[in-house]
Amino acid sequence: MKHIRTVAELRSLYGGCGECQASCKTCPAA
Amino acid sequence: MIHLFRALDTPMALDVGSGAVHALDEIAFDALTYMQEHKDATDEQIVTELSATHPMTDVNETVGELRSLIAQGYLDTPDDYGSVPLGDAGVVKAMCLHAAHDCNLRCQYCFADMGAYHMRNRMLLSVDTGKKALDWLIAKSGNRQNLEVDFFGGEPLLNFSAIKEIVAYGRELEKMTGKRFRFTTTTNGVGLNDEIMDFLNREMNNVVISIDGRPDVHDRMRPTPNGKGSYDLVIDKAKEFVRRRNQQKYYIRGTYTHYNLDFANDVLHLADEGFQQLSIEPVVTAPDKPYAIGEADLPRIYEEYERLGREYLKRRADGRWFSFFHFTVDLSGGPCIKRRLTGCGVGNEYVAVTPEGDIYPCHQFVGREGMKMGSVLDGSFDAQMQKRFQHNHVLAKEKCRDCWARFYCSGGCAANAHAFNGDIAKPFDLECQLERKRLECAMAIFALEQENNLAAVEKEAVEPPPCL
C-alpha cells in the first residue's frame, strides 16, 4: 500500500489460559 | 472504533477492535478523519471533499486502501468483547509478599508511609508467616502452574535471611506440587552486597531497583533517615548488580514529580550510566503536596514524553540502545483479550500479604480501612470482595467503555481509583491521560523503528558492495 503502512496486526478469544503473569505489557490452552 | 492521532510528528491510526496499528500519510490521515466524521459518506463524496486539498489520483488510491483494510478486518472492526468469560473465580496465582514493613530510606513520596504502612509498628515478616503465605498461595492456585511472588516492602532486603529461607521453601514446594514459583524483588538497592547480589541473580526472575535519575533529583526525594541523599549509596551497587546480571531481567525504576518535569533527562542520565532497562513513573500522591503532579502539568509532561521518544529513537539507532518500559508495548502480540480485560488481577488473582499475615487486594491497599481480605494465618478470605474485584474489569467501568486505550491499560489502577475517587470502578483521570499519551508515543516509536529497519534492509538490498 502506498498511503497506509500496517505496522502491527486480537479477536485470542486461543487465549485465556490464565498462566501469564499477574501483578502491576507482556503471553496449555491448546 | 478507530483512534486517530499524531505522535512524534507521525500520523497514526489504531483499530481498537483488532489491535491493528497503521502509519498513515497526510492524505490517509485526512481521509480517515473525514470518514470518521461522516460515517455515511460515499466514496465519491470522500474523493470530492479531499480533492480540494490533495491530488485526486492519490485520494482515490487512499480510499481504496482504506476500504481494503476495512474488508480485511484491520480497520473499523467490532470491539464488543463484553461477553468474554472471566475465568475461574477464586483462583489466586500471584502475591506481593511484604518482607518488611520497615525501610532504610525516608522517601518523601512513599505511598507506604516510608515503609511503615500506617501501622503502629515497623516489623519484619517471619519465616513461619512467609511459609504460610506460600502454602496459602499453592492452596488457592487451582490448576495454575505458574505462580508469582514479589518480595516487597518497605525495604525487603532488611529481611534477607527470611527471604532466603522462604525461597528455599518455595523450591521444595515446587518439587512436591509440580508448580513453578517466579520470584521477584523490588528494592531500593541500599543493602546490595556480594552475597545478596549472587542470591538475587540466582533466584529472582526479575529485580526492580529504585533510582530516580540525576543525583540531585534522586537525593531530594529519597533521603536516608538522617536526611542525607542516597544516590551515592546505591548507584555503584546497582551498576555492579546489573553487570553480574548481564543486563537481563531487571528494571531501574524511577519516580518523577512536579519538581522534575524534565524527567527525560533523568531517564537519559540512567542510560548514560549504563543501565539498559529503564522505567520512570509519575508520582501518585495527595494533590496538596508540593511535589504532586496536577492537570496543569500535563502539557509539559506530554512534551517531555515526545522529547524522550525522539531521543529514544536516536539512541537506539546509533548504538546507545536502551529500553523504556512504557515505550515497549508488544503491539504485534501482547496478552490475550481476557488478560487485557482483567489487567493486573488485583484482589482477584493477585493479592498482597503483610508481615502480620494479613491479606489485601494489592500492596497499595495495605492499611486502608475496610480493605483487608483475610489472613494466611487463619485461612480466612473474603470471597465476596474477591468477586467484587473480579467483576471490576475494564468493560464494567463506565468511563472506560468508550476509551480507545481500554485494551492496553485494562482499566487502570484500582488502588488509585479507590484513593482518589473512593470507588475501584472510577479510574483516576490523571493516570488515564498519562497512559494514553505514553501509548501514542509507543505506537509511533514502533512504526518509526519498523520504517527505519525496513529502510535499512532496502538500502542494503540495492546498494552495491563497496569498491575494493
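Coordinates for the structure precede this section.
Every value quoted in this text rests on a predicted model; they were computed, and no experiment measured them. Within every chain, residues take consecutive numbers counted from 1 along the sequence as written. Whichever chain is written first is A, and whichever ligand is written first is 1; the rest continue in order. Side-chain atom pairs in this predicted model are given and counted only at pLDDT of 80 or more, local residue features only at pLDDT of at least 70, and totals for whole chains, interfaces and linings cover all residues. Heavy atoms throughout the structure, all of them, feed into the side-chain values; hydrogens and water do not.

Visitor: If you had to explain the overall build of chain B to someone new, which residues and values would you point to?
Guide: Strands are runs of DSSP state E lasting at least 2 residues, helices are runs of H or I lasting at least 4, and numbering of each runs from the N terminus. Each helix and strand in chain B was counted, giving 15 helices and 15 strands. Here the C-alpha atoms of chain B give a radius of gyration of 24 Å, agreeing with the 23 Å that 2.2 N^0.38 yields for 468 residues. Oriented by its inertia axes, the alpha-carbon framework of chain B measures out at about 75 × 60 × 50 Å. Burial here depends on accessible area, computed with a 1.4 Å probe over protein chains only, as a share of the maximum for the residue type. Under 20% is buried, over 50% is exposed, and the range in between is partly exposed. Going through the 468 residues of chain B one by one, you find that 55% of them count as buried. For chain B, the proportion of contacts with a sequence separation of at least 24, taken over those separated by at least 6, is 69%. Using a 1.4 Å probe, the Shrake-Rupley method yields the accessible areas, and only the shown protein chains count as cover for residues. For chain B, the accessible area works out to roughly 19,900 Å², and carbon and sulfur atoms hold 50% of it. His is not counted, nor are the chain ends; Lys and Arg add positive charge and Asp and Glu add negative charge. For charged residues, the charge sits on one atom: NZ in Lys, CZ in Arg, CG in Asp, CD in Glu. Charged side chains in chain B number 53 positive and 69 negative. The centres of these two groups are separated by 8 Å. In this description the radius of gyration comes from C-alpha coordinates, and the expected globular size is given by 2.2 Å times residues to the power 0.38. What makes two residues a contact is simply this: any of their non-hydrogen atoms within 4.5 Å.

Visitor: An account of the sheet that holds strand β3 (residues 21-24) of chain B is requested, with residue identities and associated values reported.
Guide: Pairing between strands is defined by DSSP: at least two bridges between the two strands are required. Within the open sheet, the four strands sit side by side as β1(A)-β3(B)-β2(B)-β1(B). Their pairing is antiparallel. Because the sheet does not close on itself, it has two edges, and the strands there are β1 (4-8) of chain A together with β1 (2-7) of chain B. Strand-to-strand twist across the sheet, computed as the mean angle between neighbouring axes with direction ignored, equals 30°. One ladder, built from six bridges, connects β1 of chain B with strand β2 (residues 10-15) of chain B; its direction is antiparallel. By the bridge assignment for β2 of chain B, L4 of chain B is matched with A13 of chain B. Of the strands in this sheet, β1 of chain A together with β1, β2 and β3 of chain B are in contact with helix α1 (residues 26-37) of chain B, which crosses β1 of chain B at around 145°. Lines fitted to C-alpha atoms define the axes here, with helix axes fitted over just the stretch in contact, and angles between the N-to-C directions of these axes take values from 0 to 180 degrees. Relative to the sheet, helix α3 (residues 56-72) of chain B contacts β1 of chain A together with β3 of chain B, its axis offset from that of β1 of chain A by approximately 30°.

Visitor: Quick rundown of the interface of chain A and chain B? Include the residues and the values.
Guide: Contact residues are listed per partner, giving 26 residues for chain A and 59 residues for chain B. Carbon and sulfur atoms supply 53% of the area buried between chain A and chain B, which totals about 3,500 Å² over both sides. Whenever two N or O atoms come within 3.5 Å, that pair is a polar contact, provided that in protein one can donate a hydrogen and the other can accept it, and provided that, for residues adjacent in sequence, both atoms are side-chain atoms. Applying the counting criterion to the chain A and chain B interface returns 15 residue pairs in polar contact (both at pLDDT 80 or more). For this classification, the nonpolar set comprises Ala, Val, Leu, Ile, Met, Phe, Trp, Tyr, Cys and Pro, the charged set comprises Asp, Glu, Lys and Arg, and every other residue, Gly included, is treated as polar. Along the lines of polarity and charge, the residues of the side of chain A that touches chain B split into 11 nonpolar, nine polar and six charged. Two parts lose some accessible area (1.4 Å probe) when they are put together, and adding that loss for both gives the buried area.

Visitor: Which residues make up unusual backbone geometry, and what values do they have?
Guide: Backbone phi values are negative for most residues with the exception of glycine, while trans is the configuration of most peptide bonds. All names here are of chain B. The amide bond that connects G153 to the next residue, G154, takes the cis arrangement and shows omega of 10°. Although it is not a glycine, D9 adopts a positive phi angle of roughly 60°. On the secondary structure map, D9 appears in the loop between β1 and β2. In this structure, D76 takes a positive phi of about 60° despite not being glycine.

Visitor: So what about the packing of helix α5 (residues 160-177) of chain B against helix α6 (residues 194-203) of chain B? Which residues, and what values?
Guide: Residues and elements named next belong to chain B. The geometry of α5 relative to α6 is characterised by a closest axis approach of 12 Å and an angle of 25° between their N-to-C directions. Here α6 runs roughly parallel to α5, going by the angle between their axes. In the crossing of α5 with α6, the sense of the turn from one axis to the other is left-handed. In this structure, α5 uses F160, I163, K164, V167 and R171 to contact α6, whose residues at the interface are E195, I196, F199 and E203. Split by residue class, the contact of α5 with α6 holds five nonpolar, no polar and four charged. For this classification, under 35 degrees means roughly parallel, over 145 means roughly antiparallel, 65 to 115 means roughly perpendicular, and everything else is oblique. In this scheme, a crossing is called left-handed if the near helix is turned counterclockwise away from the far one by less than a right angle; it is called right-handed if the turn is clockwise.

Visitor: Go over the nonpolar core with me, naming the residues and quoting the values.
Guide: One recurring pattern in soluble globular proteins: nonpolar side chains tend to sit buried together. Residues and elements named next belong to chain B. Buried Ala, Val, Leu, Ile, Met, Phe, Trp, Tyr and Cys residues form a nonpolar core when they are joined through side-chain atoms within 4.5 Å. Judged by nonpolar contacts, the single largest core of 127 residues is most densely connected at F151, I211, F275 and F365. The element contributing the most residues to this core is helix α15 (residues 429-462), with 10 residues. Not counting the four nearest positions on each side in its chain, F151 is found in contact with L97, A99, P156, I163, I166, V167, F183, T184, T185, T186 and M204. Formed by 20 residues, the second largest nonpolar core is a distinct cluster that contains A13, L24, L32 and M35.

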